[in-house]
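Residue-level structural notes
If you want the building blocks of each chain, they are given just below.
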Amino acid sequence: QVQLVESGGGLVQAGGSLRLSCAASRSIFSFNALGWHRQAPGKQRELVARITNGGRNYADCVKGRFTISRDNAKNTVYLQMNSLKPEDTGVYYCNADRYEGTWMDYWGKGTLVTVAS
């Protein structure tokens, strides 16, 4: 059973920073890709950032402000969010992809980020 648990969300002022964490129940070496998605009020879930052995990928609206990283020893993926804007408000979800005979897509339950204007 693969579990992903997000933490680090909260209320911040515009221009502030937050670091989200995603703790995995198994070695993150086991995953082919790790990422963060978010769902803003009234909008569909969207990709924010993704990391693979090939590099990193970011949504255009967060480039230069957000950084995805990982700590293999802690089995944890991070999303450092700087220069936050009210438009960044939403529930942020950790996800991980792993090939287990077929591709499996795992999700955490999310952590809420609220950016005040």
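Cut-offs applied
Residues numbered from 1 in each chain as written. Predicted model: local features only at pLDDT ≥ 70, side-chain atom pairs only at ≥ 80, totals over all residues. Heavy atoms only, no water. Phe/Tyr/Trp six-rings, centres within 6.5 Å; stacked < 30°, edge-to-face > 60°. Helix = DSSP H or I, 4+ residues; strand = E, 2+ residues; numbered from the N terminus. Buried < 20%, exposed > 50% of the residue type's maximum accessible area, 1.4 Å probe, protein only. Pairing = 2+ DSSP bridges. Axes fitted to C-alpha atoms, helices over the stretch in contact; angles between N-to-C directions. Core = buried A, V, L, I, M, F, W, Y, C linked by side-chain atoms within 4.5 Å. Contact = heavy atoms within 4.5 Å. Polar contact = N/O pair within 3.5 Å; in protein donor to acceptor, adjacent residues only side chain to side chain.

This next bit is on the packing of aromatic side chains. Tallying each qualifying case throughout the model produces two aromatic pairs. Ring geometry for Phe31 against Tyr106: centres 6.5 Å apart, planes inclined by 75 degrees, an arrangement best described as edge-to-face. Of this pair, Phe31 sits in the loop between β3 (18–24) and β4 (33–39) while Tyr106 sits in strand β10 (residues 103–107), and the two are 75 residues apart along the sequence. Just as Phe31 is buried, Tyr106 falls in that class too.

Attention shifts here to the sheet that holds β3. Pairing between sheet strands relies on hydrogen bonds along the backbone, with the strands arranged either parallel or antiparallel. If you walk across this open sheet you meet the four strands as β1-β3-β8-β7, and the pairing is antiparallel. Of all the strands in the sheet, just β1 (4–7) and β7 (66–71) have a single pairing partner and so form its edges. Neighbour-to-neighbour, the strand axes of the sheet open up by a mean angle of 15 degrees, direction not taken into account. One ladder, built from four bridges, connects β1 with β3; its direction is antiparallel. In the sheet register, Val5 faces β3, and the bridge partner there is Ala23.

Another aspect to go through is the nonpolar core. Core analysis: the biggest nonpolar cluster contains 29 residues, and Trp36, Leu79, Met81 and Tyr92 have the highest contact counts within it. For this core, the elements supplying multiple residues, two or more each, are β3, β4, β5 (46–52), β7, β8 (76–81), β9 (90–99) and β11 (111–116). If near-sequence neighbours (up to four positions away) are discounted, Tyr92 is found in contact with Glu6, Leu20, Trp36, His37, Arg38, Val48, Phe66, Leu79, Met81, Gly110, Thr111 and Val113.

For the rest of this paragraph, the subject is the side chain of Asn95. Here Asn95 shows up in strand β9. In terms of polar contacts, Asn95 uses its side chain to reach the side chain of Asp105, at 2.8 Å. With near-sequence residues (within four places) excluded, Asn95 lies in contact with Leu4, Ala33, Leu34, Gly35, Trp36, His37, Arg50, Asp105, Tyr106 and Trp107.

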